[in-house]
Amino acid sequence: QVQLVESGGGLVQAGGSLRLSCTYSGATVGAATMAWYRQAPGKQREFVAHVTSGGTTDYADSMQERFTVSRHNGKNTLYLEMNSLKPEDTAVYYCAASLGVPSSHRERYTWWGQGTQVTVSS
């Protein structure tokens, strides 16, 4: 059974940084594409970034300059380094896993964590 658990969220001032982590378990997750999504209040869940099992990354256009996604398969952990945070980055951040073709479409992701709240104050 696949389990994803996010951590590292919190309250930060605009311009600050946070690093989110997602620990994952399950026999097949090491081969999965791992992704970060976020959902702000009243908005749809949106793609942030993903990283394949081989380390290839992809980002939403608006986030590539400030966010960095990575994974450490030996530690079964996915990371999202976020810099120069803005109030509009405030959202619940979710990690997700997919065994399909790497994609930014959320319906391609089978497993999801519970999310971690990131709040950026102005």
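Residues numbered from 1 in each chain as written. Predicted model: local features only at pLDDT ≥ 70, side-chain atom pairs only at ≥ 80, totals over all residues. Heavy atoms only, no water.

Attention now goes to the packing of aromatic side chains. Enumeration over the complete set of coordinates arrives at 4 aromatic pairs. Between Tyr-37 and Phe-47, the ring centres sit 5.6 Å apart and the planes meet at 70°, which makes this aromatic pair edge-to-face. Taken together, the positions of Tyr-37 in strand β4 (residues 33-39) and Phe-47 in strand β5 (residues 46-51) put the pair 10 residues apart, joining distant regions of the chain. In terms of burial, Tyr-37 and Phe-47 fall into one category: buried. Through a chain of ring-to-ring contacts, three or more aromatic side chains come together here, namely Tyr-37, Phe-47, Tyr-109 and Trp-112. Taking the ring centre of Tyr-94 as reference, the NZ or CZ of Arg-45 above it sits at 3.7 Å. Over the face of the ring belonging to Trp-112 we find Arg-45, whose NZ or CZ atom lies 5.0 Å from the ring centre. (Phe/Tyr/Trp six-rings, centres within 6.5 Å; stacked < 30°, edge-to-face > 60°. Helix = DSSP H or I, 4+ residues; strand = E, 2+ residues; numbered from the N terminus. Buried < 20%, exposed > 50% of the residue type's maximum accessible area, 1.4 Å probe, protein only. Lys NZ or Arg CZ within 6 Å of the ring centre and 35° of its normal.)

Read these as layout, nothing more, since geometry by itself doesn't imply function.
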